[in-house]
Amino acid sequence: MKVIEIEGKTPDEATKKGMAELGIDDPEKINVEIIDQGKSGIFGFGVSKPAKIRIYYNDQVEDVGNKAKEVLLAILERMNLEGGVKDLKEGENKVYIELESEKSSGLIIGRKGKTLESLQFIVNLIVNHATGTEKKIILDIESYRANREKALRKMSREIAHKVIKSGRPWTLEPMNPFERRLIHMSLQNDKRVTTKSEGQGIYRKVTISPSSGS
Amino acid sequence: MDYKELVAYMVKSLVDHPDEVEIREIEGEKSTILELKVTKEDIGKVIGKHGRIARAIRTIINASATKSGKRVVLEILD
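Draft legend 1. Highlighting the overall build of chain B. In terms of helices and strands, chain B carries three helices and three strands. The N-to-C order of helical and strand elements in chain B reads α-β-β-α-α-β. For 78 residues, the compact-globule estimate of 2.2 N^0.38 gives 12 Å, and the C-alpha radius of gyration of chain B, at 12 Å, lies within 12% of that figure. Along the longest, intermediate and shortest principal axes, the C-alpha atoms of chain B span 35 × 20 × 20 Å. Here chain B, with 78 residues, has 44% of them falling under the buried criterion. Summarising the internal contacts of chain B: among those between residues at least 6 apart in sequence, 55% fall at separations of at least 24.

Structure (structure tokens):
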């Protein structure tokens with residue numbers, strides 16, 4: 001963690017100055033504490049006082065994001081797939097990387113997102129191994145995750161409807177923990193059905209059943 | 001397409017003894033077999049719990065083999 005103090009005409013200007021000094025262009029990577037707002041001295045009268053701020057910057061944070069990007073591009077290159085990083089956001093516990101690929105996004109995603117999932121898993125392992133951190137790296141491409149989320153919610157509601165109508169439980173295909181959680185959440189307020197996960201490891205599936213009372 | 005190089009990059013980045021990673025590529029007409037050998041201590045690092053790491057590596061290999069239509073098999077030797 002690095003901390004620097006900077007003065008400027010306004011807090012904004014001081015922040016810009018500080019970022020330039022640290023060589024950071026993403027304002028999300030720093031925390032700014034305003035020590036003194038400063039006074040500008042209206043119409044040249046009065047005493048003008050510079051604004052003073054303190055910038056907190058976690059220099060390790062950048063390492064994880066950069067390392068993740070480097071590993072990811074190295075793998076894509078060796079997979080012979082064209083693709084690049086469109087956006088990278090780094091928080092305290094997470095790194096979010098959005099990929100782009102003109103021709104190969106379908107291959108990068110894979111059937112039911114399997115390839116994207118595998119890439120994410122391997123990149124996490126390699127980066128954690130290299131940097132010694134446990135930051136979670138999340139990969140996305142062409143809003144695949146948001147779209148998949150929407151599709152899963154829609155599907156869960158449709159199947160819940162069938163279960164209510166027929167009175168028979170329905171077991172979904174195996175899903176990863178994140179997707180299973182999404183199904184549970186999207187149906188938790190529907191009193192007419194209950195959801196339950198069953199099975200081991202990658203075979204774990206969600207079953208939607210009619211509530212016993214109805 | 002160099003599958004050996006793809007596997008080597010991933011495996012060497014995962015293990016504690018990258019210098020002792022050996023990969024042999026056996027090329028057939030329709031399929032390519034990759035034989036991977038790592039040290040005893042590193043074997044868990046390439047297989048993972050319930051084979052999760054090995055499965056992810058295989059998925060990535062298959063994605064890059066899709067275009068060629070070739071089958072690429074990764075065998076982990078012990």
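Draft legend 2. Spatial organisation of the pattern of salt bridges. Under the defined criterion, the tally for this structure stands at 18 salt bridges over all chains. We note a salt bridge from B:Lys70 to B:Glu27, for which the minimum N-O separation is 2.7 Å. One end of the pair, B:Lys70, is in the loop between helix H3 (52-65) and strand S3 (71-76); the other, B:Glu27, is in strand S1 (residues 22-27), with 43 residues separating them in the sequence. The exposure class assigned to B:Glu27 is exposed, which follows from its relative accessible area of 55%. What emerges from the salt-bridge pattern is a single network uniting A:Glu5, A:Glu33, A:Lys52 and A:Arg54.

Conventions and cut-offs
Residues numbered from 1 in each chain as written. Chains lettered and ligands numbered in written order. Predicted model: local features only at pLDDT ≥ 70, side-chain atom pairs only at ≥ 80, totals over all residues. Heavy atoms only, no water. Helix = DSSP H or I, 4+ residues; strand = E, 2+ residues; numbered from the N terminus. Rg over C-alpha atoms; globule rule 2.2 N^0.38 Å. Buried < 20%, exposed > 50% of the residue type's maximum accessible area, 1.4 Å probe, protein only. Contact = heavy atoms within 4.5 Å. Salt bridge = Lys/Arg side-chain N within 4 Å of Asp/Glu carboxyl O.

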